[in-house]
Amino acid sequence: MSVIYLLISISIIVAIGFFIAFITAVKTGQYDDDYTPSVRMLFDDELVQPKVENPKIESQETL
């Protein structure tokens, strides 16, 4: 039974360590992306829709 308590405590310590490492990485700008915004305009090609002429609707005679 004491082994379970030992494993749970070790896993909590490891989880806290990973959480601290994640918070440190976020605060130091590890996940800031400086490259993608500079090249994003190169890949934002808008699709050019071909112009479709509106068919003329023939007026119907009213009775």
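Just so you know, the residues in each chain are numbered from 1, in the order the chain's sequence is written. For this predicted model, a pLDDT threshold of at least 70 governs which residues receive local features, and a threshold of 80 or more governs which side-chain atom pairs are given and counted, while totals over whole chains, interfaces and linings are taken from all residues. Side-chain metrics in this entry use all non-hydrogen atoms of the structure; hydrogen atoms and water are not considered.

The protein chain is annotated in an unreviewed UniProt entry as Cytochrome oxidase maturation protein, cbb3-type from Flavobacterium xueshanense.

Visitor: Any chance you could explain the overall build of the protein chain here in plain terms?
Guide: Along its length, the protein chain carries two helices and zero strands. For the protein chain, with 63 residues in total, the buried portion stands at 3%. Note that accessible areas follow from Shrake-Rupley with a 1.4 Å probe, and for residues the cover is restricted to the protein chains shown. If you sum the accessible surface of the protein chain, you get close to 7000 Å²; carbon and sulfur atoms cover 64% of it. Runs of H or I in DSSP of at least four residues are treated as helices and runs of E of at least two as strands, each being numbered from the N terminus. Categorising residues by exposure relies on relative accessible area from a 1.4 Å probe, with only protein chains included: less than 20% of the type maximum marks a residue as buried, more than 50% marks it as exposed, and the intermediate range marks it as partly exposed.

Visitor: How should I be thinking about the packing of aromatic side chains in this particular structure?
Guide: By convention here, two paired aromatic rings are described through the distance between centres and the angle between planes. Classification of ring pairs uses Phe, Tyr and Trp, with its six-membered ring standing for Trp, and accepts pairs whose centres are within 6.5 Å; under 30 degrees between planes counts as stacked, over 60 as edge-to-face, and the remaining range as tilted. A complete count under the given rule lists one aromatic pair for this structure. Ring plane angle 50 degrees and centroid distance 6.0 Å describe the contact between Phe-22 and Tyr-31, whose orientation is recorded as tilted. The exposure class assigned to Phe-22 is partly exposed, which follows from its relative accessible area of 44%.

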